[in-house]
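One letter stands for each residue in the lines below.
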Amino acid sequence: MTEEAYDAIARDERALRPGVDRLLRELGADSAGAARFASGSLPVYAAGTCVLKLFPQVYAEERQFEAGVLEAVAGRLPIPTPRVHATGERDGWGYVLMDRVAGVPLAVAWRRINVLSRDRLADDLGRAVAALHRVPPPDLDDWWPDGWDAFVAAQRAGCAGRQRALGLPEEWLAGLPAALDVDLGAGPPVLLHTELMRDHLYVEPDPAGGWRYSGLIDFEPAMPGAAEYEFVGAAAFVSEGDARFLGRMLRAYGYRDEDLDEAFRARMMAWSLLHLYSNIPAWLKRLPPPAEPTFRSLAARWFGTG
């Protein structure tokens, strides 16, 4: 199945739903009240206390990655993660049946959360990411990328072409070589979620009147790599230019004040350009603008830490 063929089928709920209902019944889940989530790149269904996630052949390997990483992190993070109930293949599609986390996405609740509660969420997220990075990456067959240094080199070589194709203006493209000419450091790969964002973090009210995390989901893009790669998503899709939130998160993770300097911001700008899902033109439209059209200014705005 090609990606185009999958996209056509994935949009056709009438074609998918009979098979989904049969699979849920076979797995002992609540098929009668199952409902598909509106967002997400893969078909995902809420079924009572469970969630069923489907993986077409074109993304078949991601099933074992999601299940394997969820099993590796189970009970080891301060934020709950879904427990895997079943995983396998049916009619050419892979599936993972897992717990449904409580609460609502942070994206839904964000505007209702006051500054003090955001501070707590920032601290808790930093500690959770630190715990995730201490979990040994599981031993999964054909887990991508096959070699972090090779991945970074390939991303660096293709960066200008990707950003140009996405519509990055020439004035920005001219600054790419300097922005990428950064020592990214070295160290053993850690287990990365890679897509920390408000849609993947769930929250619920706590008894004291604030908010707390109730779940972290969507581990199929997880991979082993450099720790700072993780903070691209956290900055672009959680803090979104909120220097207070990002700073508290990073300090709770383990950074000292003196670590969060211009060199750190330059590394984070480079990782943003090298990230698998980097889209600087789109991010320029939705994140706070820099004081001037340079990557140094952009780094100061997006990766400021208060």
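Novice: Lay out the packing of aromatic side chains in plain terms, naming residues and giving numbers.
Specialist: Scanning the model with the defined rule gives 15 aromatic pairs in all. Measuring from centroid to centroid gives 5.0 Å for Trp148 and Phe151, while their planes differ by 40°, and the two rings are tilted. In this pair, Trp148 and Phe151 both sit in helix 6 (residues 148-166), three residues apart, roughly one turn of the helix. Phe151 matches Trp148 in its accessibility class, with the two residues each being buried. An aromatic cluster is built from Trp144, Trp148, Phe151, Tyr229 and Trp271, whose rings are joined through pairwise contacts.

Novice: Give a detailed account of a nonpolar patch on the surface, specifying residues and quantitative values.
Specialist: On the surface, Trp144, Leu276 and Tyr277 cluster together into a nonpolar patch covering about 300 Å² of accessible area. With respect to the helices and strands, Leu276 occurs in the loop between helix 11 (262-274) and helix 12 (280-286). Given the relative accessible area of 34%, Leu276 is considered partly exposed.

Novice: Which residues make up helix 6, and what values do they have?
Specialist: At Gly158, helix 6 shows its maximal kink, close to 50°. Among all positions of helix 6, only Trp148, Phe151, Val152, Gln155, Cys159 and Gln163 are buried. Lining the buried residues of helix 6 we find helix 7 (170-173), helix 8 (176-180), strand 7 (190-192), strand 10 (223-225), helix 11 and helix 12. Looking one or two residues beyond helix 6, the residue adopting positive phi is Gly167, at roughly 105°.

Novice: Quick one: what's the story with the sheet that holds strand 5 (residues 93-99), residue by residue and with numbers?
Specialist: The sheet built from five strands is open, its strands ordered 1-2-3-5-4 with antiparallel pairing. At either end of the open sheet lies a strand with only one pairing partner, and these are strand 1 (35-36) and strand 4 (84-90). In this structure, strand 2 (residues 44-47) lies alongside strand 3 (residues 50-55), joined through four bridges in antiparallel fashion. Counterpart to Ala47 in the pairing with strand 3 is Cys50. Relative to the sheet, helix 3 (residues 61-73) contacts strand 3, strand 4 and strand 5, its axis offset from that of strand 4 by approximately 165°.

What counts, and where the lines are drawn
Residues numbered from 1 in each chain as written. Predicted model: local features only at pLDDT ≥ 70, side-chain atom pairs only at ≥ 80, totals over all residues. Heavy atoms only, no water. Phe/Tyr/Trp six-rings, centres within 6.5 Å; stacked < 30°, edge-to-face > 60°. Helix = DSSP H or I, 4+ residues; strand = E, 2+ residues; numbered from the N terminus. Buried < 20%, exposed > 50% of the residue type's maximum accessible area, 1.4 Å probe, protein only. Patch = residues over 30% accessible without salt bridge, like charges linked within 9 Å, V, L, I, M, F, W, Y side chains within 5 Å. Areas by Shrake-Rupley, 256 points an atom, 1.4 Å probe, with all protein chains shown as cover. Salt bridge = Lys/Arg side-chain N within 4 Å of Asp/Glu carboxyl O. Bend = angle between axes of the 7 residues up to and from the residue. Contact = heavy atoms within 4.5 Å. Pairing = 2+ DSSP bridges. Axes fitted to C-alpha atoms, helices over the stretch in contact; angles between N-to-C directions.

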